[in-house]
Amino acid sequence: ATGQHSGSGQPTARISVTPSKLGPFGANHGVRQSFVFLNMPAMQQPEAYLSLVGDMFDEHDQLKFEANRDFFTYYMFAFARFVAMHNADVSTPNFADWLKQRAGS
């Protein structure tokens, strides 16, 4: 049945990458639509569209620029907050019960 799978209700995030200059935006939004259908809350901000991703790494597969590390760190902290906000609790049987639980009643 719809919505009955191990990912249902689990928070998600997306980082779209491409070796070229264009492309990750459309793919990112396509994946987000799939998450909506699968009942998987998707973090809306920050968004991550990485073009020319091959140029971001050196010959040892390390990020070349401190700004890249800063962005990925920021993105992962944002996702951690998003997961905490949703509490990844998929045991609540319906939306009304979830609202009561979230309100602390």
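Residues numbered from 1 in each chain as written. Predicted model: local features only at pLDDT ≥ 70, side-chain atom pairs only at ≥ 80, totals over all residues. Heavy atoms only, no water.

**Some words on the side chain of Ser16**
As for its position among the elements, Ser16 is in strand 1 (residues 16–17). A distance of 3.1 Å separates polar atoms of two side chains, one belonging to Ser16 and the other to Asn28. (Helix = DSSP H or I, 4+ residues; strand = E, 2+ residues; numbered from the N terminus. Polar contact = N/O pair within 3.5 Å; in protein donor to acceptor, adjacent residues only side chain to side chain.)

**A look at the nonpolar core**
By size, the foremost hydrophobic cluster in this structure holds six residues: Met43, Ala48, Tyr75, Ala78, Phe79 and Phe82. Those residues in contact with Met43 that sit more than four places away from it in its chain are Thr12, Ala13, Arg14, Tyr75, Ala78, Phe79 and Phe82. (Core = buried A, V, L, I, M, F, W, Y, C linked by side-chain atoms within 4.5 Å. Buried < 20%, exposed > 50% of the residue type's maximum accessible area, 1.4 Å probe, protein only. Contact = heavy atoms within 4.5 Å.)

**Re the packing of aromatic side chains**
In total, this model carries three aromatic pairs according to the counting rule given. Between Phe71 and Tyr75 the ring centres are 5.9 Å apart and the planes differ by 40°, which places this aromatic pair in the tilted class. Separated by four residues within a single helix, Phe71 and Tyr75 lie in helix 2 (residues 66–86), roughly one turn from each other. When its relative accessible area of 26% is taken as the criterion, Phe71 is described as partly exposed. Three or more aromatic residues joined by ring pairs form one cluster here, namely Phe71, Phe72 and Tyr75. (Phe/Tyr/Trp six-rings, centres within 6.5 Å; stacked < 30°, edge-to-face > 60°.)

**So, unusual backbone geometry**
The peptide bond linking Gln45 to Pro46 adopts the cis configuration, its omega dihedral lying at 0°. If you trace the backbone, Pro46 turns up in the loop between helix 1 (24–37) and strand 2 (49–50). One non-glycine residue, Asn39, lies in the positive phi region at around 60°. Considering the arrangement of structural elements, one finds Asn39 in the loop between helix 1 and strand 2. Positive phi is not limited to glycine here, since Leu52 has a value of about 50°. Within the fold, Leu52 resides in the loop between strand 2 and helix 2. Among the residues examined, Leu52 registers a relative accessible area of 32% and is labelled partly exposed.

**What about the side chain of Ser8?**
Looking at where Ser8 falls in the secondary structure, it is placed in the segment before strand 1. By relative accessible area, Ser8 is classed as buried at 12%.

**Describing helix 1**
Compared with an ideal rise of 1.5 Å per residue, which puts 14 residues at 20 Å, helix 1 spans 20 Å between its outermost C-alpha atoms and is within 8% of the ideal. The set of residues buried in helix 1 consists of Pro24, Asn28, His29, Arg32 and Phe35. Down the axis of helix 1, the sector holding all buried residues measures 130°, keeping them to one side. Structural note: helix 1 exposes Gln33 and Phe37 on the side pointing more than 90 degrees away from its buried face. Packed against the buried residues of helix 1 are strand 1 and strand 2. (Expected span 1.5 Å × (residues − 1). Arc of directions from axis to C-beta.)

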